[in-house]
Amino acid sequence: MPLPPNRTVSVVVDTEVSDLHQPFTYRVPDGIPTPPLGAGVVVPFGGQTLLGFVVAEEPGDSSLDPAELKDLADVLAAPPFFNARQWELARWMAERYYCSPRDSLRCIAPEPITAQVKRGYRLLPDVELSVLPPAQRALAERLRAMGGHASVDSLRRPGGVNPVALLKKLRERGVIEEQYLLKPPRLGPKLRKAWRLADGAPPDASGLSPKGATVMAALSRADSARLQADLERELGVSAAVFATLERKGLLVAEQVAIGRDPFHAPIRPVEAVTLTLEQQAALTEIEEALKASLAPNAKGGARFLLHGVTASGKTEVYLRALETCAASGRQGLLLVPEIALTAQMMDTVRGRFGAQVAVLHSALSDGERYDEWMRIQRGEASVVVGARSAIFAPLSRIGLVILDEEHETTYKQENTPRYQTRDVAARRAQLDGGVLVLGSATPSVETYHWAEQGILRLLSMPSRIDDRPMPPVRVVDLRTPEGTPRIFSDELVEAVNRRLERKEQAILFLNRRGYATFVLCRDCGYTAMCPNCSVTLTYHAAQRLLQCHHCDYRRAAPTRCPKCQGERIRHFGLGTEKLEEEARRLFPEARMLRMDRDTTTRKGSHHELLGSFRRGEADLLIGTQMVAKGLDFPRVTLVGVIAADTSLNLPDFRAAERSFSLIAQVAGRAGRAHLPGEVIVQTFNPDHYSLQAAAQHDFLAFYRQEIEHRRDHALNYPPFSRLANLVVSDPAREEAQVRAETVAGALRIALEGEEGGIRLLGPAPAPMERIKNRYRWHLVLMAPDLTALNRILRPALEGLDRKTRQGLIVDVDPVNLM
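Residues numbered from 1 in each chain as written. Predicted model: local features only at pLDDT ≥ 70, side-chain atom pairs only at ≥ 80, totals over all residues. Heavy atoms only, no water.

*Asks:* Which parts of the structure should I look at to understand the overall build of the protein chain?
*Replies:* The helix and strand tally for the protein chain stands at 23 helices and 33 strands. Within the protein chain, residue pairs in contact and separated by at least 24 positions form 75% of the contacts whose partners lie at least 6 positions apart. Accessible surface, the protein chain as shown: approximately 37,100 Å² in total, 50% of it carbon and sulfur. Side-chain charges in the protein chain split into 105 positive and 99 negative, and the spacing between the mean points of these groups amounts to 4 Å. (Helix = DSSP H or I, 4+ residues; strand = E, 2+ residues; numbered from the N terminus. Contact = heavy atoms within 4.5 Å. Areas by Shrake-Rupley, 256 points an atom, 1.4 Å probe, with all protein chains shown as cover. Lys, Arg positive; Asp, Glu negative; His and termini not counted. Charge placed at Lys NZ, Arg CZ, Asp CG, Glu CD.)

*Asks:* Sorry, what's going on with helix 3 (residues 134-145) here?
*Replies:* The periodicity of an α-helix, 3.6 residues per turn, causes residues three or four places apart in sequence to face the same way. The end-to-end C-alpha distance of helix 3, which contains 12 residues, comes to 16 Å, matching closely the 16 Å that a straight helix rising 1.5 Å per residue would cover. Buried residues of helix 3: Gln136, Leu139, Ala140, Arg142 and Leu143, and no others. Projected onto a plane normal to the axis of helix 3, the buried residues spread over an arc of 155 degrees and lie on a single side. For helix 3, the exposed residues set more than 90 degrees away from the buried face come down to Pro134 and Ala145. Close packing links the buried residues of helix 3 with strand 6 (116-123), strand 7 (149-151), helix 4 (152-155), helix 5 (164-172) and strand 8 (176-183). Phi turns positive, to about 100 degrees, at glycine 147, one or two residues after helix 3. (Expected span 1.5 Å × (residues − 1). Buried < 20%, exposed > 50% of the residue type's maximum accessible area, 1.4 Å probe, protein only. Arc of directions from axis to C-beta.)

*Asks:* Please explain the pattern of salt bridges as it appears in this structure.
*Replies:* A side chain of one charge can pair with a side chain of the opposite charge when the charged atoms of the two come close. Overall, the coordinates contain 56 salt bridges when judged by the stated rule. Of the charged contacts, one joins glutamate 678 and arginine 499 as a salt bridge, the two residues approaching to 3.0 Å between their closest N and O atoms. Of this pair, glutamate 678 sits in strand 29 (residues 678-683) while arginine 499 sits in helix 15 (residues 490-501), and the two are 179 residues apart along the sequence. For the pair glutamate 678 and arginine 499, one class covers both residues: buried. When salt bridges that share partners are traced, they join Arg474, Glu494, Arg498, Arg499, Arg502, Glu504 and Glu678 into one network. (Salt bridge = Lys/Arg side-chain N within 4 Å of Asp/Glu carboxyl O.)

*Asks:* In this structure, what is going on with helix 14 (residues 445-452)? I would like to understand it.
*Replies:* Counting buried positions along helix 14 yields 7 of 8 residues, so the element is predominantly enclosed. Taken residue by residue, helix 14 has Val445, Glu446, Thr447, Tyr448, His449, Trp450 and Ala451 as its buried positions. Buried residues belonging to helix 14 abut strand 12 (303-308), helix 13 (421-432), strand 17 (435-440), strand 18 (457-461), helix 18 (655-667) and helix 20 (699-712). Directly beyond the C-terminal end of helix 14, a positive phi value near 90 degrees is found at glycine 454.

*Asks:* Please clarify how the nonpolar core should be interpreted in this entry.
*Replies:* As a rule of thumb, soluble globular proteins bury nonpolar side chains together. Grouped together as the largest cluster of nonpolar side chains are 154 residues, with contacts concentrated most on Leu726 and Leu747. When residues in this core are grouped by element, the largest group, 8 residues, is from helix 21 (residues 733-751). Non-local contacts of leucine 726, meaning those with residues more than four positions away in its chain, are made with Val743, Leu747, Trp777, His778, Leu779, Leu793, Leu797, Leu808, Ile809 and Val810. Grouped together as the second largest cluster of nonpolar side chains are 21 residues, Val476, Val496, Met592 and Ile680 included. (Core = buried A, V, L, I, M, F, W, Y, C linked by side-chain atoms within 4.5 Å.)

*Asks:* I tried to follow unusual backbone geometry on my own but got confused; where do I start?
*Replies:* Residues apart from glycine generally show negative phi values, whereas peptide bonds are mostly found in trans. Geometrically, the link from threonine 416 to proline 417 is a cis peptide bond, its omega value of -5 degrees lying close to zero. Note that proline 417 resides in the loop between strand 16 (398-404) and helix 13. Positive phi outside glycine occurs at aspartate 552, with the angle close to 70 degrees. Of note, aspartate 552 is situated in the loop between strand 23 (545-547) and strand 24 (554-556). For asparagine 773, which is not glycine, the phi torsion reads 65 degrees and is therefore positive. You can see asparagine 773 is positioned in the loop between strand 31 (759-771) and strand 32 (774-783).

*Asks:* Sorry if this is basic, but what is going on with the sheet that holds strand 27 (residues 620-623) here?
*Replies:* Working definition: the strands of a sheet are paired by backbone hydrogen bonds and lie parallel or antiparallel to each other. Taken together, 6 strands build an open sheet; the order of strands is 19-29-28-20-27-26 and the sheet is parallel. Among the strands making up the open sheet, the edge pair consists of strand 19 (473-477) and strand 26 (592-595). With strand direction ignored, the average angle separating the axes of adjacent strands in the sheet is 15 degrees. Pairing analysis gives 4 bridges linking strand 20 (residues 505-509) to strand 27, with the strands arranged parallel. The residue bridging phenylalanine 509 from the neighbouring strand is glycine 623, located in strand 27. Here helix 15 sits on the sheet in contact with strand 19, strand 20, strand 27, strand 28 (636-641) and strand 29, set at roughly 155 degrees to strand 29. Across the sheet, helix 17 (residues 605-614) touches strand 20, strand 26, strand 27 and strand 28, and the angle it forms with strand 26 is around 145 degrees. (Pairing = 2+ DSSP bridges. Axes fitted to C-alpha atoms, helices over the stretch in contact; angles between N-to-C directions.)

*Asks:* Got a minute to help me understand the packing of aromatic side chains in this structure?
*Replies:* Two descriptors summarise a pair of aromatic rings, namely the distance from one centre to the other and the angle between the planes of the rings. Enumeration according to the criterion identifies 17 aromatic pairs in this entry. Taking the centre distance of 5.2 Å and the plane angle of 90 degrees together, the rings of phenylalanine 392 and tyrosine 419 count as edge-to-face. One end of the pair, phenylalanine 392, is in the loop between strand 15 (383-386) and strand 16; the other, tyrosine 419, is in the loop between strand 16 and helix 13, and 27 residues separate them in sequence. Tyrosine 419 gets classed as buried once you look at its relative accessible area, which sits at 3%. Taking 4.6 Å as the distance between ring centres and 5 degrees as the angle between the ring planes, the aromatic pair formed by phenylalanine 660 and phenylalanine 702 counts as stacked. On the criterion of sequence distance, the pair formed by phenylalanine 660 in helix 18 and phenylalanine 702 in helix 20 is long-range, its members being 42 residues apart. Across the pair, exposure class does not vary: phenylalanine 660 and phenylalanine 702 are buried alike. Three or more aromatic residues joined by ring pairs form one cluster here, namely Tyr448, Phe660, Tyr689, Phe699, Phe702 and Tyr703. (Phe/Tyr/Trp six-rings, centres within 6.5 Å; stacked < 30°, edge-to-face > 60°.)

*Asks:* I keep staring at the side chain of serine 312 and nothing clicks. Help me out?
*Replies:* Residue position: serine 312 is located in the loop between strand 12 and helix 10 (314-327). With a relative accessible area of 1%, serine 312 lands in the buried category. A polar contact of 2.7 Å, which involves the side chain of serine 312, links it to the backbone oxygen of valine 309. Other than its neighbours up to four places away in sequence, serine 312 contacts Gln279, Met461, Ser463, Arg464 and Ile465. (Polar contact = N/O pair within 3.5 Å; in protein donor to acceptor, adjacent residues only side chain to side chain.)

*Asks:* Just to check I follow, could you spell out the sheet that holds strand 10 (residues 226-227) for this structure?
*Replies:* Pairing is antiparallel across the open sheet formed by 3 strands, whose spatial order is 10-9-11. The two strands at the open ends of the sheet, each matched to only one other strand, are strand 10 and strand 11 (251-258). Two strands pair when backbone bridges link them, and strand 9 (residues 190-197) and strand 10 are joined in this way by 2 bridges, in the antiparallel orientation. When the sheet's bridge partners are listed, tryptophan 195 is paired in strand 10 with arginine 226. Sitting on the sheet, helix 6 (residues 210-220) is in contact with strand 9, strand 10 and strand 11, with an inclination near 100 degrees to strand 9.

*Asks:* Can you help me understand the packing of helix 14 against helix 20 in this one?
*Replies:* To describe two helices that pack against each other, one gives the angle between their axes and the distance between the axes. Interaxial distance between helix 14 and helix 20 falls to 11 Å at its minimum, and their mutual angle equals 95 degrees. Taken as axis vectors, helix 14 and helix 20 run roughly perpendicular relative to one another. Contact with helix 14, carried on its side by Val445, Glu446, Tyr448, His449 and Glu452, involves Phe699, Leu700, Phe702, Tyr703, Arg704, Glu706, Ile707 and Arg710 of helix 20 and no other residues of that element. A per-class count over the contact of helix 14 with helix 20 returns 7 nonpolar, 1 polar and 5 charged. (Parallel < 35°, antiparallel > 145°, perpendicular 65-115°, else oblique. Nonpolar A, V, L, I, M, F, W, Y, C, P; charged D, E, K, R; others polar.)

*Asks:* Please explain the state of the cysteines as it appears in this structure.
*Replies:* Structurally, a disulfide amounts to a covalent bond that connects the sulfur atoms of two cysteines. Enumeration over the complete set of coordinates arrives at 0 disulfides. In this model cysteine 548 remains outside any disulfide bridge; the closest cysteine sulfur is found in cysteine 530, 3.7 Å from its own. Lacking any disulfide linkage, cysteine 561 is separated from the closest cysteine sulfur, that of cysteine 524, by 3.6 Å. Residue class for cysteine 561 comes out buried when judged on its relative accessible area of 1%. (Disulfide = S-S within 2.5 Å.)

Written out as structure tokens, the structure is:
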């Protein structure tokens with residue numbers, strides 16, 4: 001059957017050119033079937049040959065001159081990388097977060113698991129090389145020796161002449177032609193050598209050595225090829241035995257894919273528990289929504305906010321809902337905000353679902369991530385557990401999406417595309433007809449407001465399991481008349497000693513790592529600053545170095561002042577490393593663990609630290625926000641918050657919300673089992689409403705005061721407005737300012753004639769003016785809703801020239817204005 005004429009497809013080209021925000025139309029040449037949606041294709045683009053993704057099949061368009069369209073070069077022999085719903089999600093992300101479709105598609109089709117296209121050259125047949133100049137002849141002969149075709153990179157020699165100019169001359173002479181070279185994905189399955197009996201191999205082992213006969217007997221009982229490593233271990237034979245049997249024509253070698261194990265731990269069954277009335281009521285509503293989402297013509301599933309206090313049993317509700325989802329033949333996705341929580345949640349979910357669980361997070365090796373991605377794509381997992389990027393897992397039958405600790409700022413992606421996982425999850429659940437559950441003991445102000453407005457259905461679990469009491473909280477005022485306060489108040493020292501005497505455990509929380517926050521010369525006032533960023537360097541005592549926590553610049557800590565050569569160099573401020581040192585001085589008999597970014601760099605360290613503490617191998621766990629939420633340790637009866645003001649004094653309208661959430665969450669780690677708990681909060685602001693509400697475990701008291709503060713504020717902060725933070729960065733301060741003014745001018749033009757409370761703030765230097773040697777200016781656009789925000793932002797951005805757009809960050813619904 002002949003193919004229709006003038007076939008065209010719309011292709012998103014895989015290029016990092018930042019101002020390409022639309023697909024391109026390509027003609028499908030004769031002899032190539034029209035590629036389906038999601039297919040990978042090879043296309044000519046801007047003098048290069050690049051990979052692209054088909055996002056639409058277009059009928060022949062009479063308005064397009066076929067002569068002006070370029071042909072597809074090839075179609076990848078691989079299954080489509082995404083389906084229609086995933087492309088719709090990627091398109092929605094590109095529009096919502098002002099990124100290119102390529103950037104959003106790369107979330108769904110990660111680069112390491114897709115093919116790559118490299119420019120290459122082919123030596124034309126029947127060309128005479130002897131007439132070429134020496135340098136061109138040498139390069140052409142190298143190309144011939146490499147089989148007549150090679151990539152540019154493979155033709156380079158260390159320290160040699162760049163071959164690009166010579167290749168251009170050879171091409172002009174008609175000696176070579178440009179071609180594309182399709183490289184396989186950077187990642188692939190892990191292959192190991194295996195053996196099977198050769199066809200026609202005799203069943204008996206006459207004439208073989210005893211070990212050879214043992215191998216033949218083992219393989220004759222096998223249904224498929226067996227790994228050589230397994231046979232060597234089981235039978236006590238060496239590789240030479242297999243080589244001998246292969247030479248005799250008795251065995252055939254194969255490469256067998258073996259799965260990498262991302263869990264590195266056995267499955268420990270987790271039994272279901274009896275639900276409380278509150279748990280059962282919440283689960284019933286979710287299960288009814290799951291059932292309703294299966295009905296014919298159902299338009300997306302319900303959206304819930306599960307507001308349950310710490311230790312109210314939200315995890316058990318998640319597990320039961322996931323079981324109901326799996327029983328209906330659909331898949332569930334459970335997201336957690338931190339890798340540390342992924343490890344604990346992963347063990348719990350595997351204990352209930354076994355090998356049907358897959359995991360995705362950034363601490364996996366590339367190979368482990370590839371294997372898990374492929375398992376999910378093949379439909380071998382009914383539940384996926386992961387951190388932020390797992391929202392893009394290649395699930396085809398999503399029935400339930402759960403975001404645990406939905407309030408966490410780590411659900412916001414800080415690189416392009418700057419998506420908010422909560423909103424992407426809502427969109428994905430809607431597209432797949434699934435149910436969305438947002439869970440938290442301290443929901444974000446915006447989320448709870450949406451629940452009050454009826455956008456989400458509120459499910460409340462205000463009591464702990466077995467009606468266990470919430471731990472009493474003592475707020476200790478650090479303002480002392482004698483001057484500098486101690487790290488440990490008398491109250492906290494006494495409380496820790498009591499736990500050590502009773503063989504119980506305690507958590508000490510400080511949301512700042514390192515030893516000291518800055519280094520100062522007491523003689524001349526010199527402060528060690530990062531040369532690349534507008535921040536002081538943090539002192540790390542264990543390595544005796546100064547480190548920037550933004551660009552990772554490091555240098556040895558000075559013993560003399562670099563400016564005046566004075567010896568009165570002092571360390572000021574407090575971090576978890578110094579906290580640990582002081583704790584060891586005060587409690588010399590205590591066994592301690594510290595959990596922060598410095599102690600969890602090694603793979604699997606989160607899991608090991610938490611496992612050690614859970615087994616009772618330490619009395620005190622010192623940590624940052626990694627220990628503040630989601631963790632369940634039955635013997636923890638004391639939580640000490642060392643400095644509750646760390647986040648309270650940040651120049652951010654969400655500072656009070658973050659302080660309340662952190663204190664309430666870390667307080668919830670105490671008294672979760674049969675032993676009663678206690679919390680001590682040390683602060684310089686004991687009367688602040690967020691700390692007072694956290695001390696009472698009263699989310700609603702905090703919410704009512706915070707929501708009125710935002711409603712009454714002159715700027716009408718979210719949820720009563722939507723924000724876009726536009727950041728311009730440049731190595732030159734003046735250039736950053738000029739470009740920021742240009743962006744502001746375009747926005748002011750778009751604002752002309754607008755009414756309805758749309759505001760433009762700035763431009764001004766960003767609170768952190770320089771990061772990684774780039775100066776930063778920013779503007780904040782505030783609008784009543786996303787429609788109004790887009791109405792101003794989109795035409796303004798489209799009117800900017802390419803130079804102004806370079807280095808411009810557009811962050812919609814930012815969680816950080818720094």
